[in-house]
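As a plain string of letters, each chain reads:
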Amino acid sequence: MLDPLAQYRVTKEPYYEPQADEIALYEAAYENRLPVMLKGPTGCGKSRFVEHMAFRLGKPLITVACNEDMTAADLVGRWLLDKDGTRWQDGPLTIAARLGAICYLDEIVEARQDTTVVIHPLTDHRRTLPLDKKGELIEAHPDFQLVISYNPGYQNLMKDLKQSTKQRFAGLDFDYPGAEVEAKVIAKEAGVDAATAEKLVQIAQRARNLKGHGLDEGISTRLCVYAGKMIAKGVEPRTACRMAMVSPITDDADIRDTLDATIHTFFN
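Read on for an overview of the structure. (Residues numbered from 1 in each chain as written. Predicted model: local features only at pLDDT ≥ 70, side-chain atom pairs only at ≥ 80, totals over all residues. Heavy atoms only, no water.)

## Structural notes on the packing of helix H1 (residues 22-31) against helix H2 (residues 46-57)
Right, on to step 1. Where H1 contacts H2, the two axes come as close as 11 Å, and the packing angle between them is 60 degrees. Considering the angle they form, H1 stands oblique to H2. Considering the relative orientation of H1 and H2, their crossing is right-handed. For the pair H1 and H2, contact is made by Glu22, Ile23, Tyr26, Glu27 and Tyr30 and by Phe49, His52, Met53, Arg56 and Leu57, respectively.
Right, on to step 2. Among the residues making up the contact of H1 with H2, the classes are represented as six nonpolar, one polar and three charged. (Axes fitted to C-alpha atoms, helices over the stretch in contact; angles between N-to-C directions. Helix = DSSP H or I, 4+ residues; strand = E, 2+ residues; numbered from the N terminus. Parallel < 35°, antiparallel > 145°, perpendicular 65-115°, else oblique. Left-handed = near helix turned anticlockwise from the far one by under 90°. Contact = heavy atoms within 4.5 Å. Nonpolar A, V, L, I, M, F, W, Y, C, P; charged D, E, K, R; others polar.)

## Quick look at empty space enclosed by the protein
Right, on to step 1. Taken as a whole and assessed by the stated rule, the structure comprises one cavity of 30 Å³ or more.
Right, on to step 2. Looking at the largest cavity, its volume works out to about 30 Å³.
Right, on to step 3. The wall of the largest cavity is formed by Arg33, Leu34, Pro35, Leu122, Thr123, Arg127, Phe144, Gln145 and Leu146. (1 Å grid on protein atoms, 1.4 Å probe; cavity = no way out; pocket = protein on both sides within 12 Å on 5 of 7 lines; lining within 4 Å. Points joined across faces, edges and corners; volume = space filled by probe spheres on them.)

## A few points about unusual backbone geometry
Right, on to step 1. Positioned with a positive phi, Arg33 is a non-glycine residue whose angle comes to about 55 degrees.
Right, on to step 2. Tracing the sequence through the fold places Arg33 in the loop between H1 and strand S1 (36-39).
Right, on to step 3. Located in the positive-phi region is Arg127, a residue other than glycine, with phi close to 50 degrees.

## Considering the sheet that holds strand S5 (residues 102-106)
Right, on to step 1. Pairing is parallel in the open sheet, where five strands are placed in the order S2-S5-S8-S1-S9. Pairing within the sheet leaves two strands with one partner each, and these edge strands are strand S2 (61-65) and strand S9 (170-173). Each strand of the sheet is rotated relative to its neighbour by a mean of 20 degrees, with strand direction disregarded.
Right, on to step 2. Contacts between H1 and the sheet are confined to S1, S5, strand S8 (145-150) and S9, with S8 contributing the most and set at about 140 degrees to the helix.
Right, on to step 3. Most of the contacts of helix H4 (residues 92-99) go to S2, to which it runs at about 160 degrees, and overall it touches S2, S5 and S8. (Pairing = 2+ DSSP bridges.)

## Here's the deal with the pairing of strand S7 (residues 136-139)
Right, on to step 1. Taken together, the four bridges between strand S6 (residues 128-131) and S7 define a ladder with antiparallel strand orientation. Considered in S7, the bridge of Thr128 is made with Glu139.
Right, on to step 2. What sits between the antiparallel neighbours S6 and S7 is a turn of four residues, in which Gly135 has the positive phi angle 70 degrees.

## As for the layout of surface pockets
Right, on to step 1. Reported here for the largest pocket is a volume of approximately 550 Å³.
Right, on to step 2. Gly43, Cys44, Gly45, Arg48 and Arg222 are the residues nearest the centre of the largest pocket, which is lined by 24 residues in total.
Right, on to step 3. Elements with a contribution of two residues or more to the lining of the largest pocket: H2, helix H7 (179-190) and helix H9 (221-232).
Right, on to step 4. Residue contributions to the lining of the largest pocket peak at five residues, all from H9.
Right, on to step 5. Across the lining of the largest pocket, the residue classes tally to eight nonpolar, seven polar and nine charged.
Right, on to step 6. Of the voids in this model, the second largest pocket is the one considered here, and its volume is about 200 Å³.
Right, on to step 7. Lining the second largest pocket we find Ala72, Ala73, Val76, Gly77, Trp88, Val118, Pro121, Leu129, Pro130, Leu131, Asp132 and Lys133.
Right, on to step 8. For the lining of the second largest pocket, the elements supplying multiple residues, two or more each, are helix H3 (72-76) and S6.
Right, on to step 9. Among the residues making up the lining of the second largest pocket, the classes are represented as nine nonpolar, one polar and two charged.

## A look at the side chain of Thr115
Right, on to step 1. By secondary structure assignment, the location of Thr115 is in helix H5 (residues 113-116).
Right, on to step 2. Here Met70 takes part through its backbone oxygen, which lies 3.0 Å from a polar atom of the side chain of Thr115.
Right, on to step 3. Every residue in contact with Thr115, bar those within four places of it in the chain, is listed here: Met70, Thr71, Ala72 and Leu75. (Polar contact = N/O pair within 3.5 Å; in protein donor to acceptor, adjacent residues only side chain to side chain.)

## What about the packing of helix H8 (residues 194-208) against H9?
Right, on to step 1. Two elements in contact, H8 and H9, have axes separated by 10 Å at closest approach and are oriented at 140 degrees. In terms of axis orientation, H8 runs oblique to H9. The two elements H8 and H9 cross, and the hand of that crossing is right-handed. From H8, Thr196, Leu200, Ala204 and Arg208 reach across to H9, where they touch Thr221, Cys224, Ala227, Gly228 and Ile231.
Right, on to step 2. Of the residues belonging to the contact of H8 with H9, the class tally is five nonpolar, three polar and one charged.

As structure tokens, this is what we get:
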């Protein structure tokens, strides 16, 4: 018999470099099937961490990229018409709850609040998911866990989680790794030497100091890896840094000049 969760299994170990005790804390949360909330800036490793933990625990992972157009039906399922009439199609949250997967809702604040309330019964003692349109109440599989993530830097009055949602989760705070760990990650992921990785980290750190002073967000570890991959393929380092680390985060000419000068400092 085919494994209905085969497509969701993480078959290759994702590389993840721990920053503190987040692995042990997550494992303890999973043992108790606590829902977990990951908070941190974009590109700091939240999604990679979830993939790593799913592999480590041997559990299937169903990831949903949340957006403002996502409805509750996109999460739980809907009736569809086909040549034989109507049929019910489970959504990703329902599949995870039925079959016992980790369901990861990435950047949950992007979803409308009237959509996210459907997760509430799954995140307390009930561990149930009512399918109102189908007239069914699902009791979550013993292996099911819900994980959400968001970037606190993007919070505002229109985009934030309600306290009634936040207080259903255990929380893990993420940030960009320390310089030594971040350089190790970049070297491993991008295939560049340690010296180049260290330079990319120093450029990123300078940019992060500009957050709130012309930049909404600093240069992420992800963008450093992108630049490193281009350098590893023979692209001139300054060109690679401009394309992968500067252009994506700002259109302001003065900020670009400032970052360009920083790049020249390390790759002259």
